[in-house]
Amino acid sequence: MKIFPSDGISSKIARKYIYLDNDFLSQLFYDEIVLTEALTALKKSVFLIDTLTALEFLREVYLPEQYHKKKSFVSNPIFAPAVDHPDIYKHLQENALLLSRIYAHQNHNTKSDLVDLFLAARLMYSQAPLLITGNKKHFPSCIFNTLGVLNIEQSGDGSMRAFSIVQFNKHNFEQCNSLLEHLS
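Please read these numbers as outputs of a predicted model, since none were measured by experiment.

(A) Seen up close, the overall build of the chain. Within the chain, the secondary structure is distributed over eight helices and seven strands. Here the chain has a C-alpha radius of gyration of 17 Å; the compact-globule value for 184 residues is 16 Å, and the two agree. Counting only C-alpha atoms, the chain reaches 50 × 40 × 30 Å along its principal axes. Counting the 184 residues in the chain, one finds 46% classified as buried. Once local pairs closer than 6 in sequence are excluded, the contacts in the chain between residues at least 24 apart make up 76%. Within the structure as shown, the chain displays about 10,100 Å² of accessible surface, and the carbon and sulfur contribution to it stands at 53%.

(B) Expanded view of the layout of surface pockets. In this structure, the largest pocket spans a volume of roughly 230 Å³. For the lining of the largest pocket, the residue count by class is nine nonpolar, one polar and one charged. Within this model, the second largest pocket holds a volume of roughly 160 Å³. Taken together, the residues of the lining of the second largest pocket break down into six nonpolar, two polar and two charged.

(C) The side chain of glutamate 56, seen in detail. As for its position among the elements, glutamate 56 is in helix H4 (residues 51-58). On the accessibility criterion, glutamate 56 (11% relative accessible area) is buried. Non-local contacts of glutamate 56, meaning those with residues more than four positions away in its chain, are made with Asp21, Asn22, Asp113 and Val115.

(D) Examining the sheet that holds strand S1 (residues 2-5) more closely. The strand order S1-S6-S7-S5-S2-S3-S4 describes an open sheet built from seven strands, whose pairing is mixed. Here the strands that pair on one side only, and so sit at the sheet edges, are S1 and strand S4 (79-81). Each neighbouring strand pair of the sheet contributes to a mean axis angle of 30°, computed without reference to strand direction. Bridge count between strand S2 (residues 17-20) and strand S3 (residues 46-49): three bridges; the pairing is parallel. Residue pairing for S3: tyrosine 17 is matched across the bridge by valine 46.

(E) Quick look at the side chain of aspartate 21. Residue position: aspartate 21 is located in the loop between S2 and helix H2 (22-30). Although aspartate 21 lies buried, it forms no salt bridge, and the closest oppositely charged side chain, arginine 161, sits 7.8 Å away as judged by the N-O distance. Among the polar contacts made by the side chain of aspartate 21, one reaches the side chain of threonine 133 at a distance of 2.6 Å. Among all residues touching aspartate 21, those that are not within four sequence positions of it are Thr53, Glu56, Asp116, Leu119, Leu131, Ile132, Thr133, Asn135 and Phe139.

(F) Expanded view of the packing of H4 against helix H7 (residues 114-122). For the pair H4 and H7, interaxial distance at closest approach is 9 Å and the crossing angle is 155°. On the basis of the axis angle, H4 is roughly antiparallel to H7. Relative to H7, H4 is oriented so that their crossing is left-handed. Touching Leu52, Thr53 and Glu56 of H4 are Val115, Phe118 and Leu119, all from H7. Here the contact of H4 with H7 is built from residues that sort into four nonpolar, one polar and one charged.

(G) Geometry of helix H8 (residues 170-181). Taking 1.5 Å as the rise per residue, H8 with 12 residues should run 16 Å; its terminal C-alpha atoms sit 16 Å apart, in good agreement. Listed as buried for H8 are Asn172, Phe173, Cys176, Asn177 and Leu180. Mapping the buried residues of H8 onto a view down its axis gives an arc of 130°, with all of them on the same face. Tucked inside the fold, the buried residues of H8 contact helix H6 (86-105), strand S6 (144-153) and strand S7 (160-168). At the N-terminal boundary of H8, the capping side chain belongs to asparagine 169, with an oxygen 3.1 Å from the backbone nitrogen of histidine 171.

(H) Structural view of H2. Among the nine residues that make up H2, eight are buried, leaving the element largely enclosed by the rest of the structure. When we look at burial in H2, the residues that qualify are Asn22, Asp23, Phe24, Leu25, Ser26, Gln27, Leu28 and Phe29.

Conventions adopted
- Residues numbered from 1 in each chain as written.
- Predicted model: local features only at pLDDT ≥ 70, side-chain atom pairs only at ≥ 80, totals over all residues.
- Heavy atoms only, no water.
- Helix = DSSP H or I, 4+ residues; strand = E, 2+ residues; numbered from the N terminus.
- Rg over C-alpha atoms; globule rule 2.2 N^0.38 Å.
- Buried < 20%, exposed > 50% of the residue type's maximum accessible area, 1.4 Å probe, protein only.
- Contact = heavy atoms within 4.5 Å.
- Areas by Shrake-Rupley, 256 points an atom, 1.4 Å probe, with all protein chains shown as cover.
- 1 Å grid on protein atoms, 1.4 Å probe; cavity = no way out; pocket = protein on both sides within 12 Å on 5 of 7 lines; lining within 4 Å.
- Points joined across faces, edges and corners; volume = space filled by probe spheres on them.
- Nonpolar A, V, L, I, M, F, W, Y, C, P; charged D, E, K, R; others polar.
- Pairing = 2+ DSSP bridges.
- Axes fitted to C-alpha atoms, helices over the stretch in contact; angles between N-to-C directions.
- Lys, Arg positive; Asp, Glu negative; His and termini not counted.
- Salt bridge = Lys/Arg side-chain N within 4 Å of Asp/Glu carboxyl O.
- Polar contact = N/O pair within 3.5 Å; in protein donor to acceptor, adjacent residues only side chain to side chain.
- Parallel < 35°, antiparallel > 145°, perpendicular 65-115°, else oblique.
- Left-handed = near helix turned anticlockwise from the far one by under 90°.
- Expected span 1.5 Å × (residues − 1).
- Arc of directions from axis to C-beta.

Such coordinate-based values are descriptive only and should not be taken to indicate function.
Rendered as structure tokens:
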């Protein structure tokens, strides 16, 4: 496998905090070459793992050996755990619900799961974190900008899998939220 990042993406996201969605985290776990190349391509960035992403990554693993491998992987110092505090969770919950209402109002029937809604809510914080996801449709363009793409060549058949790097767009969010508030 090999990573083909979109042009200039390394400089665009240098020194940024980047949340990893479960699908990208799993790709890193299962392919050491992809992990090494991602760390090289994004070397000036900080990879963050949300507690819900870690839960999603570890769920349904019943074999002790596999569970310990995965648990050890997400505990690796190359990943930083996202700050987890009840006050933050309250804001995340409020933002996730608001985003789901905006998605519905904007006719973006994304069928985002709870973890993706919470990751989207995390992106609303002031440090302007980014997210790498293989499910761009769960982070619609009415709220999120796509900064670039990491294309990963799959072993075996050589097909490509695209992982989008997205960022919260506060201006678009405020416009969508204003339209939603006018309904009230």
